[in-house]
Structures are given as structure tokens and as C-alpha cells.
Amino acid sequence: MKKTILLPVILSILWGCSGFSTAYKQGGRAEINRDWDAAILHYEQAALENPREPVYRLALMRARASASLSYLQKARNLAAQEKIDEALEVYAKALQYDPQNRLAAREALALTEEKPPEKTERPSLLEPPVRLQTPEEKIRLKFSEASLRSVFQALSRHSGVNVLYDEQFRDVPVTIDLTDLTVEDAVIQLCLATRNHFRIIDRKTVIIYPDQPMKRLQYEMNVVKTFFLSNINAQEAQTGLAMMVRSQYKAPIITVDKNLNALTIRDTPAAVALAERLIRLWDKPQGEVIIDLEIMEVSRIKLKKLGLDLSQNILGLRYGGQETGGEDSGWFDLNTIDLARTGNYQISLPSAFLQFLETEGDTKIIAQPRLRGLDSQDIKYLVGQKIPIPQTTFTPFAAGGVSQQPITSYTYQDVGIDVKIKPRIHLEKDISLEIEIKITSIGDTGFAGIPIITTREVKNIIRLKDGETNLLAGLLRDEERRSLKGIALLKDVPLLGTLFSNTDRQIEQTDVILTITPYIIRAIPMTEEDERPVWVDTEGLSRSAASTPFLPMDEMAAAVRMPVAPVSGRPGGEDPENEETGSHVLFLNPPNFELPQGREFRISLDMRTNRDIATMSLNLSFNPQIIRLKDIQEGGLIRQIGPSVPFLKNIDNTGGGATIGISSPTPGKGFKGVGLLAVLVFESVGPGESHVTISGITANTPAGAAVVFSKNESRVSVR
């Protein structure tokens, strides 16, 4: 009865241990050959035969995903060849195997729908909170050598807009044609022609002020806007925006919220609009790829042993006479030694075996990982085991003693297949792969049983098309060992030597074949707007901060088409008696600076003047307990005089002051324009706030006439 019960149990165990089904094995062979339809068919059959086997279900899911990706790539190629009907059929097959593939569904839907007409989008404009309320009809006014104040008064009477003037406003003659312009455009053109700016106070009031850095800081309207980023890091974007958006006289205020990955910017409307356009260009989702790898390692070992094998290879002879016995065994009395008797001798002969053994072994290792990762990000894949490697060190038993106590520790080394890939998606739909593949295995054991690890490593950078397969082969290792053992002299006798010798021959062959196929599943989205340039107005030639901050090039050309008349009847408009300080400016850039303690920073000393300057000297003052002046470097503006210009500098960090002196070596020659006069290199030494100020400015033309400069100051806050 017990035998009857145990028989079906034993049979079921043997049936379960018999291995995987035939359908599963056929599916595996079809998958290796990339015959996805046959592989799915066989895997489905195996899963139906044994629904409780998870290996069959996992293999079926893997084959379905691979088939969907393969048909998706084929459909893309057909769509690129404009074979729409065939491409739609292949897209349907890809969706049949993977109904959740939204990317394939969107691409197939895009082929069936008509492309909408492309819209030419203008960059987003930051509308000011208040606009001038003026009549809609165009004005028809022309002025010749008219006073600037009278021109503004004529516009005021025509539109009903009150015009206020800054205390440094200059009333100069102007010749201008304001035909077919609105009142606001006329005000803009007048300001551009006379180097002024305006600020809208309310719907019926504007104020006109000189185009100077200090006046801009006083009157320009600021905008605060928060940008929530989806793809790029806010801190990285902060660094780029600080470099691109800053102007000659002002740096933008940018704060970062790490939790929300957001940027908050405070600056003029034009600067914030530029920042918005740059963020729209930078905040792109990263591309994504799938990489199919096939790693095949085939090894073959062939061993052949032929000939006579001697057990110890030792021929021994010893004397075996009568011993004294007891504890003195091995000692003989001289009276009992008889060397002439052969019975007192013993001889040992080696045992001999005739070997004719030949063995062969084949090993095949196949790995088919599918890796998915982001563009320019490392993808790592490791499968294998960790092997402990002993390491012995010797330490003394006590301090100062001899190192003789052994301490053994173990380090674990990865053995198996280690893959590191860094993909990069190009705009041409190509993929560059930075590959590092290491295949390690235990080859043999060395001293004290420590394993010997064999390694095959590949490092390369390749560029493939989407769906292109690259084959890497030839990592072949062919090793042959041959050893001959036998009786000395006799083994070297021709023909007969084989009877007294043993030959061992071992052949090891290992080949590694690697195929790699990348697929782009999400490319970097690019539009025509991304390829258009971003136009940025130059300082002093932009519209007022109270108006539209961004101008296309055609409007920019129209805005600057009016000529500027000389300010007096003299050539070049030079009239020292009527000249005011607003046209000659020394300004420190940036005007506000905040940084931590122990950092080096620089402040630019810029100059703007339309008079030739032959000699100049000025004094700088600062708080030496907060900041320290390390160096003063000459700027490029003074190079108008020549390559070597006397540039004198004197730094006094004890009293917190410095002196700069410039003189032209060529009589009658000076420098003028807008540019960098000097660079002040500071270092923050203590917390607090320090103001860098300019004083004692003395400047003269080559003729000796004095030039009066206006100036600003820079505030430095040290945390």
C-alpha cells in the first residue's frame, strides 16, 4: 500500500525536474534569432500548458515588448520613406503587441491627421501696468532746429498728456519728422534721438529723464516673475541667466527655490522677457533611449593525456639490516652490519599507469539585457556574484613590537558581466554611446586557494543610427599547454620514448561576441522657434521700460531712422559752455553686489564720454574692514591712445582708498566713447556692508579744457 502511494509522488517530482517545456525552448531559440512572432507564439503555448510557471509569463512579456519596439522602429523607417499605408500597418502590429505604447499611438495618429498650419508665434511680451491714453489718429508734425522742450509741449497739447522733466533734463535743438506716428511712438523716437528715456506715471502723465545709469536705476520699472522649471535644475539655470541677462549697469536679482525647482527674477521688463525666452529654450525634456545588448561568450576546453604515467617518479634504495630497536630505531650496531648480503637491502620502484584519456567541454553564456536610460546619463548593469578575496596583514602584539600577528580580512570583488553605457542623442537622430563592458570569471586557483580572475574589457565610443546594430567580435583567447613527463634519457629516444613518457595537452579557446542596438523612444523636442535668434537691444538704444520691452528688427530699424542734430552750431556739437555733466559719466558696475565672506569679486569702472580725454585721475574709497582691494587692472578703452599707456595705481588698504592716474604719451591724442576704464579686484574679508565711491575726478582734453564727470557708487554686502 505504501509503495502504491509513493509511486505517483516520485513520478510527479521527476516530471517537475525534467526541465522547461519544448515550446519554451523553441521560443528561446526564436528570440535569439529575433523572430518575434514565432517567439511569442511558442511562449504563449508554453504559458497555456503550464499557467503557474512564472518564467513562461515573464518570457512572454519580454518578447511582446521587444516585438513592439522592433515594429515601431520599422514603422518609423517606412514613415520616413513616405510609405504611409505600410507604416500604419506596422504601427498597428506594434500596438497589437503592446497596447499601452502611447508613443506609437501618437505617431500613428499623426500620420492620419492633416498637419495644421504653422503659427508664427511672437515672443511673449510683458505688458506694463499702465499705458498712455492718447488719441488713435496719427500725428503729422515736422520740426527743424526746434527746442526739445517745445517739441514735447506740442505733443502734450495735441494728446492731452502731461510731460514732466527730470532736474538734469537738457533742452537741445532737434530736427525730426514725426509724420504718421502715434503719440507714444513719437515720444519713443524723440527719446532715442536725444539720448533720453521716459517713464509712464499714469494714463495722462510721463516724465522725461536723461539716459544715464543712475537715472535708469531711479526711474525704470522692475518686474518680478517666477518660473517653474520642469526639466533643468534651477541652480544651473540661475548661473546662465545671471550671465546672459545682466546689463552694463545692473545685474538681475535671481533667487532659487530648491523645493519647487523654481526661479524668481526681478529686473526690467526687457530683461525678464529675455529670461523668459531663454528659459523656454533651455527647459527641454531629456531624450530617452532603449539599448538592446546581446553578450555571448563561448568557451571550449580540450584535454588529452597519453602515455606512461609514473606515480612518484622516484627510484629508492635503502639498507634494511637489524636495528637496535627501542627509541633508537633507525640506528644500527657496527658489529651487525653486513653490506655484502643482498637481503639487507630494500628497493622502491614507482608504479606505472598507461593513460589514454581525452576530454572535451563546451560552455556557452548568453546575456540579453535591455537597458533604458536618459540622454547623457550613465546606465549601469551588473549581473554576477561577489567573490571574497583574502588579504593578510601583520601587526605587532604590543605597541612598538615586531609585526608578527596575522590579521586576515576579505574584500569582495564583482565577478560577472559589468556594463556601463552613457548615451547621447544627436539632432540628426543618431546616438553616440560611450561603452565600458567588463566580463570577469574565475579561471583557476592560485596560491593558498586564492581564485584567479580572468578579465575581458572593452572601452569604446561609437555613433550609431536609430535602430542600427553594431557587432563587436574578435575578443578571442586561444591558449594551448603541452607538458612531457617521463624517465630521463629514455623519454628522448625516438619512437621508444613514448613508452617511457606521458604527454599532457590542454587547449582552451574563448570567444566573446557583443551586439548593441540603440533605439530612441523620446527625442529632444525641437521647433522652428528654437532655431530663431533672440534679438537683444543694446544699452541706450532700447525702448523705455514703460513700453513694450521687445522689438523685432524691422521695428528697431524704424525706431532709429531719425538723425540727431548737433546741439549747437559748432562742428561735432562741442560747446563747453553749454555742456552739462550728463554726457560724461563714470559708473561702477554692478551697483549692488552680495557675496559670502572670503570670496574674490570684481567691479568694473566704466566710462562714457564724447570728448577726448588726455589726462585723468580719480580717487576710490571703501571700507577696509569689509572688503580689501587686491589689484586694479587697466581696461580696453585707454588702448585708443596706443599699446602702452602710462597707467598709475596706488592702493591703500589700511585707510580704505586708492588712486588711479592716466595720461596720454602722445600730445594732442586722447580716448573717448563708451567702454571699460579699469577693473577693480576686491576680496571680501568681513561681514557687513561697504560702499565703493568715486571722488576727486580730474579730467582734461588734449587742449587742456576740463571735463566734468558724473558718477555713481557700488554697494557691496558681505554675508
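Residues numbered from 1 in each chain as written. Predicted model: local features only at pLDDT ≥ 70, side-chain atom pairs only at ≥ 80, totals over all residues. Heavy atoms only, no water.

Visitor: Hey, could you go over the pairing of strand 28 (residues 688-700) for me, with residue numbers and the actual values?
Guide: As judged from the six bridges shared by strand 23 (residues 615-621) and strand 28, these two strands associate in the antiparallel manner. By the bridge assignment, Ser617 is partnered in strand 28 with Thr698. Taken together, the five bridges between strand 28 and strand 30 (residues 714-718) define a ladder with antiparallel strand orientation. If you follow His691 over to strand 30, its bridge partner there is Arg715. (Pairing = 2+ DSSP bridges. Helix = DSSP H or I, 4+ residues; strand = E, 2+ residues; numbered from the N terminus.)

Visitor: Can you tell me about the pairing of strand 16 (residues 430-445), naming the residues and giving the values?
Guide: Sheet topology places strand 16 next to strand 17 (residues 451-465); 15 bridges connect them, and they run antiparallel. Its bridge partner lying in strand 17, Glu436 is registered against Lys459. Counting the residues between successive antiparallel strands, the hairpin from strand 16 to strand 17 contains five residues, one of them, Ala448, with a positive phi of roughly 60 degrees.

Visitor: So what's going on with the pattern of salt bridges? Which residues, and what values?
Guide: Summed over all chains, the structure comprises 23 salt bridges. Residue Arg76 is joined to Asp466 by a salt bridge in which the shortest nitrogen-to-oxygen separation is 3.7 Å. Taken together, the residues span a long stretch of sequence, with Arg76 in helix 4 (residues 54-80) and Asp466 in the loop between strand 17 and strand 18 (470-486) at a distance of 390 residues. The burial state of Arg76 is the same as that of Asp466; both residues are buried. The salt bridge partner of Lys386 is Asp414, with a shortest N-O separation of 2.7 Å. (Salt bridge = Lys/Arg side-chain N within 4 Å of Asp/Glu carboxyl O. Buried < 20%, exposed > 50% of the residue type's maximum accessible area, 1.4 Å probe, protein only.)

Visitor: Outline the sheet that holds strand 7 (residues 253-257), supporting the account with residue identities and numerical values.
Guide: Strand order in the open sheet formed by three strands is 6-8-7, and the pairing between neighbours is antiparallel. Only two strands of the sheet have a single neighbouring strand rather than two, namely strand 6 (223-228) and strand 7. Averaged over neighbouring strand pairs, the angle between their axes works out to 15 degrees when direction is ignored. Relative to strand 8 (residues 262-267), strand 6 runs antiparallel, the two being bridged by six bridges. By the bridge assignment for strand 8, Lys225 is matched with Ile265. Helix 10 (residues 234-245) rests against strand 7 and strand 8 of the sheet, and its axis sits at about 20 degrees to strand 8. Its contacts with the sheet put helix 11 (residues 269-282) on strand 6 and strand 8, and the angle it makes with strand 6 is roughly 10 degrees. (Axes fitted to C-alpha atoms, helices over the stretch in contact; angles between N-to-C directions. Contact = heavy atoms within 4.5 Å.)

Visitor: Mind laying out a nonpolar patch on the surface, listing which residues take part and the relevant values?
Guide: A cluster of nonpolar side chains, namely Leu317, Leu334, Ile337, Leu339, Tyr345, Ile347 and Leu349, defines an oily patch on the protein surface of about 790 Å² accessible area. With respect to the helices, strands and loops of the structure, Leu339 is situated in the loop between strand 10 (316-319) and strand 11 (345-348). Looking at Leu339, the relative accessible area reads 56%, which means it is exposed. (Patch = residues over 30% accessible without salt bridge, like charges linked within 9 Å, V, L, I, M, F, W, Y side chains within 5 Å. Areas by Shrake-Rupley, 256 points an atom, 1.4 Å probe, with all protein chains shown as cover.)

Visitor: Describe in detail the layout of surface pockets, supporting the description with residues and values.
Guide: Space inside the largest pocket adds up to approximately 1,000 Å³. Together, 28 residues line the largest pocket, and Ala251, Pro252, Ile253, Asn592 and Glu594 are the ones closest to its centre. Every element with two or more residues in the lining of the largest pocket is listed here: helix 9 (213-219), helix 10, strand 7, strand 21 (592-595) and strand 22 (600-613). Looking at the lining of the largest pocket, its residues break down into 13 nonpolar, five polar and ten charged. (1 Å grid on protein atoms, 1.4 Å probe; cavity = no way out; pocket = protein on both sides within 12 Å on 5 of 7 lines; lining within 4 Å. Points joined across faces, edges and corners; volume = space filled by probe spheres on them. Nonpolar A, V, L, I, M, F, W, Y, C, P; charged D, E, K, R; others polar.)

Visitor: If you had to explain the packing of aromatic side chains to someone new, which residues and values would you point to?
Guide: Here the structure, examined in full by the defined rule, presents seven aromatic pairs. Ring geometry for Tyr24 versus Tyr43: centroids 5.7 Å apart, planes at 45 degrees, classification tilted. A residue pair is termed long-range when its members are at least 10 positions apart, and Tyr24 in helix 2 (residues 22-32) and Tyr43 in helix 3 (residues 36-49) qualify at 19 residues. In terms of burial, Tyr24 and Tyr43 fall into one category: buried. Here Phe622 and Phe682 contribute two aromatic rings whose centre-to-centre distance is 5.5 Å and whose plane-to-plane angle is 80 degrees, an arrangement assigned as edge-to-face. Of this pair, Phe622 sits in the loop between strand 23 and strand 24 (627-634) while Phe682 sits in strand 27 (residues 671-684), and the two are 60 residues apart along the sequence. Residue Phe622 is classed as buried on the basis of its relative accessible area of 7%. Taking relative accessible area as the criterion, Phe682 reaches 0% and is therefore assigned buried. Taken together, the ring pairs connect Phe152, Tyr165 and Phe169 into an aromatic cluster. (Phe/Tyr/Trp six-rings, centres within 6.5 Å; stacked < 30°, edge-to-face > 60°.)

Visitor: Describe the packing of helix 5 (residues 84-97) against helix 6 (residues 102-112), naming the residues involved and giving the relevant values.
Guide: Orientation of helix 5 relative to helix 6, taken along the N-to-C sense of each, is 155 degrees, at an axis distance of 10 Å. Viewed along their axes, helix 5 and helix 6 adopt a mutual orientation that is roughly antiparallel. Regarding helix 5 and helix 6, the two cross each other, and that crossing is left-handed. Of the residues in helix 6, those touching helix 5 at Ile84, Ala87, Leu88, Tyr91 and Leu95 are Ala104, Ala105, Glu107, Ala108, Leu111 and Thr112. For the contact of helix 5 with helix 6, the per-class residue count stands at nine nonpolar, one polar and one charged. (Parallel < 35°, antiparallel > 145°, perpendicular 65-115°, else oblique. Left-handed = near helix turned anticlockwise from the far one by under 90°.)

Visitor: Give me the lowdown on helix 10, citing residues and values where you can.
Guide: End to end, helix 10 covers 16 Å across twelve residues, agreeing with the expected 16 Å (1.5 Å per residue, within 8%). For helix 10, the complete set of buried residues consists of Ala234, Ala237, Leu241 and Val245. Within helix 10, the buried residues cover an arc of 55 degrees as seen down the axis, which keeps them to one side. Of the residues in helix 10, the exposed ones pointing more than 90 degrees away from the buried face are Glu236, Thr239 and Met243. Packed against the buried residues of helix 10 are strand 7, strand 8 and helix 11. (Expected span 1.5 Å × (residues − 1). Arc of directions from axis to C-beta.)

Visitor: Help me get a handle on the nonpolar core, residues and values and all.
Guide: Leu618, Ile627, Ile660, Phe671, Leu677, Leu680 and Phe682 are the most contacted members of the largest nonpolar core, which has 36 residues in total. Not counting the four nearest positions on each side in its chain, Leu618 is found in contact with Leu586, Leu605, Ala658, Thr659, Ile660, Leu677, Ile694, Ser695, Gly696 and Ile697. Counting 29 residues, the second-largest nonpolar core is a separate cluster that includes Leu132, Phe143, Val151 and Val183. (Core = buried A, V, L, I, M, F, W, Y, C linked by side-chain atoms within 4.5 Å.)

Visitor: Explain helix 8 (residues 183-194) residue by residue, including any values.
Guide: In this model helix 8 runs 17 Å from its N-terminal to its C-terminal C-alpha over twelve residues, within 8% of the 16 Å that 1.5 Å per residue would give. Along helix 8, eleven of the twelve residues are buried, which leaves the element largely enclosed by surrounding structure. Every buried residue belonging to helix 8 is among Val183, Glu184, Ala186, Val187, Ile188, Gln189, Leu190, Cys191, Leu192, Ala193 and Thr194, and all of these are buried. Following helix 8 by one or two positions, Arg195 has its phi on the positive side, about 60 degrees.

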